[in-house]
Amino acid sequence: MSPSQPQTNVEFVVELMEFSAHGALIQAFVLQALTYYAQKVAAADPEALDTGMVSGHAWHGCALEIQRKLKQRFDS
């Protein structure tokens, strides 16, 4: 990637997960942050999550999907 090209979101998250002054602990932090935010969004009324850019129902659905995938990963 050239210096003038911004990172994609995927590249940014990979960099967060792989290169940290705190080593692999960063991975637990990022997964805990996903867990915490997904719980908050899943508990909210989807209509209350509506914005001019994102449907509240879609945002709520993302939270439910993340919860399901984290549960599959860690409860198996």
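Heads up: the structure comes first, above all this text.
In this report, the structure presented in the accompanying data block is examined. (Residues numbered from 1 in each chain as written. Predicted model: local features only at pLDDT ≥ 70, side-chain atom pairs only at ≥ 80, totals over all residues. Heavy atoms only, no water.)

**Observations regarding the overall build of the protein**
The condition is simple: A helix here means a DSSP run of H or I that spans at least four residues, while a strand means a run of E at least two residues long, and both kinds are numbered starting from the N terminus. Radius of gyration means the value over C-alpha atoms here, while the globule rule gives 2.2 Å times the residue count to the 0.38 power. We call a residue buried when its accessible area falls under 20% of the maximum for its residue type, exposed when it is over 50%, and partly exposed in between, using a 1.4 Å probe and counting protein chains only. The contact criterion used is simple: two residues touch if any of their non-hydrogen atoms lie within 4.5 Å. Under the convention used here, a 1.4 Å probe and the Shrake-Rupley method define accessible areas, while residue burial counts only the protein chains that appear. By the counting rule applied here, Lys and Arg register as positive and Asp and Glu as negative, while His and the ends of each chain are not counted. We put the charge of a Lys on NZ, of an Arg on CZ, of an Asp on CG and of a Glu on CD.
Along its length, the protein carries three helices and zero strands. Here the protein has a C-alpha radius of gyration of 15 Å; the compact-globule value for 76 residues is 11 Å, and the former is much larger. C-alpha extents for the protein along the principal axes are approximately 40 × 35 × 20 Å. A total of 76 residues make up the protein; the buried ones form 14% of that total. Relative to all contacts within the protein whose residues are 6 or more apart in sequence, the contacts with residues 24 or more apart total 28%. Of the accessible surface of the protein, which amounts to about 6200 Å², a share of 62% is contributed by carbon and sulfur atoms. Computed over 5 positive and 8 negative side-chain charges, the inter-centroid distance for the protein is 10 Å.

**Quick look at the nonpolar core**
Rules: Grouping buried Ala, Val, Leu, Ile, Met, Phe, Trp, Tyr and Cys residues that are joined through side-chain atoms within 4.5 Å yields what is termed a nonpolar core.
Grouped together as the largest cluster of nonpolar side chains are five residues: Ala38, Val41, Ala42, Leu49 and Ala63. The element contributing the most residues to this core is helix H2 (residues 25–43), with three residues. Those residues within four positions of Val41 in sequence are excluded, and the remaining contacts are Leu49, Trp59, His60 and Ala63.

**Re the packing of H2 against helix H3 (residues 56–74)**
This is how the line gets drawn: Axis geometry follows a simple rule: fit a line to the C-alpha atoms, using only the stretch in contact for helices, then measure angles between N-to-C directions, giving values from 0 to 180 degrees. Oblique is the label for any angle not covered by the other classes, which are roughly parallel (under 35 degrees), roughly antiparallel (over 145) and roughly perpendicular (65 to 115). Crossing handedness is read from the near helix: turned anticlockwise from the far helix by less than a right angle, it gives a left-handed crossing, and turned clockwise, a right-handed one.
Where H2 meets H3, the closest approach of the two axes is 8 Å, and the angle between their N-to-C directions is 135°. Classified by the angle between their axes, H2 and H3 sit oblique to one another. Judged by the sense of rotation from one axis to the other, the crossing of H2 with H3 is left-handed. Residues Leu31, Leu34, Thr35, Tyr37, Ala38, Gln39, Val41 and Ala42 of H2 lie in contact with H3, whose contacting residues are Trp59, His60, Ala63, Leu64, Ile66, Gln67, Leu70 and Phe74.

**Thoughts on the environment of Ala28**
Tracing the backbone through its elements, the reader meets Ala28 in helix H2. With a relative accessible area of 44%, Ala28 lands in the partly exposed category. Expressed as a C-alpha distance, the spacing of Ala28 and Met17, which sit eleven residues apart in the sequence, is 9.1 Å.

**Describing H3**
Condition: Helix span, expected: 1.5 Å multiplied by one less than the number of residues in the helix. Comment: arc refers to directions from the helix axis out to C-beta atoms.
Here H3 contains 19 residues, and its C-alpha end-to-end distance of 27 Å stays within 8% of the 27 Å for a straight helix at 1.5 Å per residue. Among the residues of H3, those classed as buried are Gly56, His60, Ala63 and Leu70. Seen from one end, H3 has its buried residues packed into an arc of 90°, which puts them on one side. Close packing links the buried residues of H3 with H2.

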